[in-house]
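# Remarks on the overall topology
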Amino acid sequence: MPITSSQQGQDLTITLDENFNFDAVENFREAYSDKDAEVYIVDFRATEYMDSSGLGMLLNMKRYLSEKNINTIKLINCRQQIKKVLIISRFESKFIIT
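Residues numbered from 1 in each chain as written. Predicted model: local features only at pLDDT ≥ 70, side-chain atom pairs only at ≥ 80, totals over all residues. Heavy atoms only, no water.

What follows deals with the side chain of Thr 47. Mapped onto the secondary structure, Thr 47 falls in the loop between strand 4 (39-43) and strand 5 (49-50). On the basis of relative accessibility, which here comes to 0%, the residue Thr 47 falls in the buried class. At a separation of 2.9 Å, a polar atom in the side chain of Thr 47 contacts the main-chain carbonyl oxygen of Asp 17. Beyond its immediate chain neighbours, meaning those up to four positions away, Thr 47 contacts Leu 16, Asp 17, Glu 18, Phe 20, Arg 79 and Ile 82. (Helix = DSSP H or I, 4+ residues; strand = E, 2+ residues; numbered from the N terminus. Buried < 20%, exposed > 50% of the residue type's maximum accessible area, 1.4 Å probe, protein only. Polar contact = N/O pair within 3.5 Å; in protein donor to acceptor, adjacent residues only side chain to side chain. Contact = heavy atoms within 4.5 Å.)

Written out as structure tokens, the structure is:
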């Protein structure tokens, strides 16, 4: 399943694949670049694996959106092991994690 994005009102939801790693760089960037939304939601529902390049992609997204004065990024439906990596990496100070 590829990375997809869908917009409802001012919320853009990006649904990730089961592996969020370097192979997803282009698809992930395309999912949020040049979109017009106020809230960006990254849905980890299907994601079973994330490596350090996944963390880097999230930081690049944060930087890109911050330059557009968009600061609300939610990471939702994180499995326990993914949430643990995000917390260890101190991402809760940069993103809303649920």
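Below, the discussion takes up the pattern of salt bridges. Evaluated as defined, the whole model comprises 1 salt bridge. Notably, a salt bridge pairs Asp 43 with Arg 45, separated by 3.3 Å at the nearest N-O pair. Look at Asp 43 and you get buried, because its relative accessible area is 7%. (Salt bridge = Lys/Arg side-chain N within 4 Å of Asp/Glu carboxyl O.)

Turning to the sheet that holds strand 2 (residues 11-15), a few remarks are in order. Read from one edge of the open sheet, 5 strands run 1-2-4-6-7, paired in mixed fashion. With partners counted over all chains shown, the strands left at the sheet margins are strand 1 (4-8) and strand 7 (96-97), one partner each. The pairing of strand 4 with strand 6 (residues 72-76) spans 5 bridges and is classified as parallel. For Ile 41, the partnering residue across the bridge sits in strand 6 and is Lys 74. Running over the sheet, helix 1 (residues 25-32) touches strand 1, strand 2 and strand 4 and is turned about 165° from strand 2. (Pairing = 2+ DSSP bridges. Axes fitted to C-alpha atoms, helices over the stretch in contact; angles between N-to-C directions.)

Attention now moves to the environment of Gly 9. Along the chain, Gly 9 falls in the loop between strand 1 and strand 2. Owing to a relative accessible area of 58%, Gly 9 belongs among the exposed residues under this scheme. Along the chain, Gly 9 and Asn 27 lie 18 residues apart, while their C-alpha atoms are 22 Å from each other.

Assignment of secondary structure puts Glu 92 in the loop between helix 3 (80-88) and strand 7. As a C-alpha pair, Glu 92 and Leu 75 span 17 residues in sequence and 9.5 Å in three-dimensional space. Setting aside residues no more than four positions away along its own chain, Glu 92 makes contact with Leu 86, Ile 87 and Ile 97.

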